[in-house]
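Reading the structure
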Amino acid sequence: MSSETNSSFQIKRLNPYFGAEISGIDLSKDIDEETFSKIKDAYYEYSLLVFHDQRISPKVHVDFSKRFGSLEIHSLKQYLLEDHPEILLLSNIIENGKPIGFADTERVATWHTDTSYLKTPSAGSALYALEVPYDSKGNSLGNTLFASTFAAYDALSEDMKIKLRDLKALHKMTKAYDDAPKDTITAVKFTDEQIKRPPENHPIIRTHPVTGRKSIYLSPLCVTKIEGIPEAESKKILQELDKLCTREDFVYRHKWKANDLIMWDNCSTQHLAVSDYAPPLRRKMHRTTFAGSIPF
Ligand code: SIN
């Protein structure tokens, strides 16, 4: 890390409800505690931070991420960087007949919040773009959409807030694959243990562990039903809430450029990776993930 320091930065809002672009920070240089604490405040305030034009090594990526909490090691061991197992390689690139990274986020392009099927889901992630695909007109492909579930909660009627207050949804790791036609080929090969893992229940209205703000905590990729109410009613409510969570004005679309780093908060956002490219176009990203707490 360079000995030059960062001491101030600018914040530009990306969407009326959430998301901010941070400029004036070079993540490869030292960030003092005071500046870092302002970045952290911005992360909790905006739920999503975008840093452009960062030239960072895996070590810098890991060290910066660690300042947000302990880092998780992904279960897909084959796609972890050898020297930095806290980094998961996401990519569609095939080398010597083998995928170099986890490509399933592109193939299962469904709105989700990460690892909601765990008792203690991930708090957030920092995703760094090394290679980005473009179409022949120069448009960036493989965009990522983010939605603010704080905004979705705020938009609920008071009656709905009361109705949802004590309800929990069931989150199952393999839901998307259980629902898929049996001949679907995906990069994910779940173990018997994962397939049999019982779903976790989490409150639909979640309180942010740091700010206390409320969000709608659902993940269409994994949520199978609302616990304790009839199936038809559960389906109807989930459809309504999924639609609200991804309402057009609550969504920010990130058109990646190489060297962008994005951090998102899993408690107050959902995201979806757009699957609109294929080899020979290449997408290569490094992701770290911060450990979270039990939703309440
Ligand atoms: C993810 O779903 O964690 C990654 C999103 C992306 O690859 O754009």
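Structural data are supplied above this passage.
Residues numbered from 1 in each chain as written. Predicted model: local features only at pLDDT ≥ 70, side-chain atom pairs only at ≥ 80, totals over all residues. Heavy atoms only, no water.

Quick notes on the sheet that holds strand 17 (residues 261-265)
- The seven strands are arranged 2-3-5-17-9-19-6 in an open sheet whose pairing can be described as mixed. Edge positions in the sheet fall to strand 2 (10-13) and strand 6 (88-91), since each has one partner strand and no second. Neighbour-to-neighbour, the strand axes of the sheet open up by a mean angle of 25 degrees, direction not taken into account.
- Pairing geometry for strand 3 (residues 20-23) and strand 5 (residues 48-51), over three bridges, is parallel. Within strand 5, the residue paired with Ile22 across the bridge is Phe51.
- Packing against the sheet, helix 1 (residues 33-46) makes contact with strand 2, strand 3, strand 5, strand 9 (124-131), strand 17 and strand 19 (284-290), and its axis sits at approximately 125 degrees to strand 5. (Pairing = 2+ DSSP bridges. Helix = DSSP H or I, 4+ residues; strand = E, 2+ residues; numbered from the N terminus. Axes fitted to C-alpha atoms, helices over the stretch in contact; angles between N-to-C directions. Contact = heavy atoms within 4.5 Å.)

Some details on unusual backbone geometry
- At the junction of Pro279 and Pro280, the peptide bond is cis and its omega measures out at 15 degrees in the coordinates.
- Although it is not a glycine, Asn259 sits at a positive phi angle of roughly 75 degrees.
- For Asn259, the location among the structural elements is in the loop between strand 16 (251-254) and strand 17.
- Here Asn259 falls in the buried class, since its relative accessible area comes to 16%. (Buried < 20%, exposed > 50% of the residue type's maximum accessible area, 1.4 Å probe, protein only.)

Remarks on the packing of aromatic side chains
- Under the definition given, this model contains eleven aromatic pairs.
- An angle of 85 degrees between the planes, with centres 6.3 Å apart, marks the rings of Tyr43 and Phe290 as edge-to-face. Taken together, the residues span a long stretch of sequence, with Tyr43 in helix 1 and Phe290 in strand 19 at a distance of 247 residues.
- Measuring from centroid to centroid gives 5.4 Å for Phe64 and Phe68, while their planes differ by 75 degrees, and the two rings are edge-to-face. With respect to class, Phe64 is no different from Phe68; both count as buried.
- Each member of the aromatic cluster is reached from another via a ring pair, and the members are Phe36, Tyr43, Tyr44, Phe51, Phe64, Phe68 and Phe290. (Phe/Tyr/Trp six-rings, centres within 6.5 Å; stacked < 30°, edge-to-face > 60°.)

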